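Residues per chain, in single letters:
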Amino acid sequence: MKKKNFLKRAAAIICILFLVGLYLCTLICSFIQTEFARALLRFSVAATVIVPVLLFIFLKAIERMKNSQS
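Residues numbered from 1 in each chain as written. Predicted model: local features only at pLDDT ≥ 70, side-chain atom pairs only at ≥ 80, totals over all residues. Heavy atoms only, no water.

Draft legend 1. Here's a closer look at the overall build of the protein. Per the secondary structure count, the protein includes 2 helices and 0 strands. At 16 Å, the protein has a C-alpha radius of gyration far larger than the 11 Å of a compact globule built from 70 residues. Reported as C-alpha extents along the three principal axes, the dimensions of the protein are approximately 55 × 20 × 10 Å. When burial is assessed residue by residue, the protein has 19% of its 70 residues classed as buried. (Helix = DSSP H or I, 4+ residues; strand = E, 2+ residues; numbered from the N terminus. Rg over C-alpha atoms; globule rule 2.2 N^0.38 Å. Buried < 20%, exposed > 50% of the residue type's maximum accessible area, 1.4 Å probe, protein only.)

In structure tokens:
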């Protein structure tokens, strides 16, 4: 397996695990009626969008750096 594919797969798996954790956190926080749980719920919903976007930017930056070196 190429190193490039390994990096993309590893990053994708980490992102998936993080998002699954966020979804579980969102589910748990939706049943708890405290202000802290509401803050965690807002963070979880925001991170659901932000994390994949940051992962995409990170992978594109690495790809561009590798292409500029060759």
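Draft legend 2. Structural detail: the side chain of Thr48. For Thr48, the position within the fold is in helix 2 (residues 35-69). In terms of polar contacts, Thr48 uses its side chain to reach the backbone carbonyl oxygen of Ser44, at 2.7 Å. Excluding residues that lie within four positions of it along the chain, Thr48 makes contacts with Leu19, Leu22 and Tyr23. (Polar contact = N/O pair within 3.5 Å; in protein donor to acceptor, adjacent residues only side chain to side chain. Contact = heavy atoms within 4.5 Å.)

Draft legend 3. Structural context of the environment of Leu24. Along the chain, Leu24 falls in helix 1 (residues 3-31). Separated by 20 residues in the primary sequence, Leu24 and Ser44 have C-alpha atoms spaced 9.4 Å apart.

Draft legend 4. Broad picture of the nonpolar core. Judged by nonpolar contacts, Cys15, Leu19, Leu22, Ala47 and Val51 together constitute the single largest core of 5 residues. Residue contributions to this core peak at 3 residues, all from helix 1. Beyond its immediate sequence surroundings of up to four residues, Leu19 is in contact with Ala47, Thr48 and Pro52. (Core = buried A, V, L, I, M, F, W, Y, C linked by side-chain atoms within 4.5 Å.)

Draft legend 5. Examining helix 2 more closely. Taking 1.5 Å as the rise per residue, helix 2 with 35 residues should run 51 Å; its terminal C-alpha atoms sit 49 Å apart, in good agreement. For helix 2, the principal kink sits at Ala47 and spans about 35 degrees. Inspection of helix 2 places Ala37, Ser44, Ala47, Thr48, Val51, Leu59 and Ile62 among the buried residues, and these make up the whole buried set. (Expected span 1.5 Å × (residues − 1). Bend = angle between axes of the 7 residues up to and from the residue.)

Draft legend 6. Region of interest: the pattern of salt bridges. One pass over the full model with this rule turns up 1 salt bridge. Salt-bridge contacts for Glu35 lead to Arg42; the nearest nitrogen and oxygen are separated by 3.3 Å. Taken as a pair, Glu35 and Arg42 share a single burial class, namely exposed. (Salt bridge = Lys/Arg side-chain N within 4 Å of Asp/Glu carboxyl O.)

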